[in-house]
Amino acid sequence: MAKESKKLKSEGAPLYTVPGLSTEQGAQVAVVLQDRLNALTDLHLTLKHVHWNVVGPHFVAVHEMLDPQVEAVRDMADTTAERIATLGLSPVGTPGAIVADRGWDDYSVGRAGAIEHLGALDLVYAGVIEDHRRAIETAGELDPITEDMLIAQSAQLEQFHWFVRAHLETSGGQLSTAGAETERQAKRQAGERAGAKRETA
Ligand SMILES: [Fe+2]
């Protein structure tokens, strides 16, 4: 790949879109979907990064739990990109464009304990799911087909979020990451709680 290749840009209104929508509406929906495509691509790459970097107790459980999530989120990204193309626009899937356009920071944890990564992932999933909810609201006003796709994705993302949180929850229903505002804070709280549990066991 040549260094000088420019970041692809999604164009304005397409020359055609799905029947029943104006081309302007098609473009509006595609803008919402491009942001979700960025988030889903970022998420499946991040989940693989965690799959490779977990260490310590629970390694096998967490390492193996993540691969089906990677596959499912990759499928969501594929469906989202193909919806943009169906609407008559060009989905942008290159790494540089994602980094340039995303409104969040890169995942911040390298090699770390499985529970610490899950603490950080609790915040990652929460961010993606909140943004999906907002996208559902916007899409709902313009295109129920896109809305339906995003709702189905959200149901699966929320279930994966629960898989993560179940590792962080006490029998009393408290999350070790409660109140954490950054991934690093969530990682630290989850790690400390897991350490304290081992000491008192
Ligand atoms: Fe693997």
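Sequence order sets the numbering: in each chain, residues are counted from 1 along the sequence as written. Selection of residues for local features in this predicted model requires a pLDDT of at least 70, selection of side-chain atom pairs for listing and counting requires 80 or more, and totals for whole chains, interfaces and linings are taken over all residues. The side-chain values count all of the structure's non-hydrogen atoms but skip hydrogen atoms and water molecules.

Peer 1: Break down the pattern of salt bridges for me, citing the residues and quoting the values.
Peer 2: Criterion for a salt bridge: a side-chain nitrogen of Lys or Arg within 4 Å of a carboxyl oxygen of Asp or Glu. A full pass over the atoms with the stated rule returns 9 salt bridges. Here D42 and R102 are joined by a salt bridge, their closest N and O atoms 2.8 Å apart. Of this pair, D42 sits in helix 1 (residues 23–53) while R102 is found in the loop between helix 3 (95–101) and strand 2 (112–113), placing the two residues 60 residues apart along the sequence. The buried category is assigned to R102, whose relative accessible area is 16%. D106 serves as the salt-bridge partner of R102, at 3.1 Å between the closest nitrogen and oxygen. In this scheme, a residue with accessible area under 20% of its type's maximum is buried, one over 50% is exposed, and one in between is partly exposed, where area comes from a 1.4 Å probe on protein chains only. A residue is classified by how much of its surface remains accessible, and D106, at 52% relative accessible area, is exposed. Within this structure, D35, R36, D131 and R134 form a network of salt bridges that share partners. What counts as a helix is a DSSP run of H or I of at least four residues, what counts as a strand is a run of E of at least two, and both are numbered from the N terminus.

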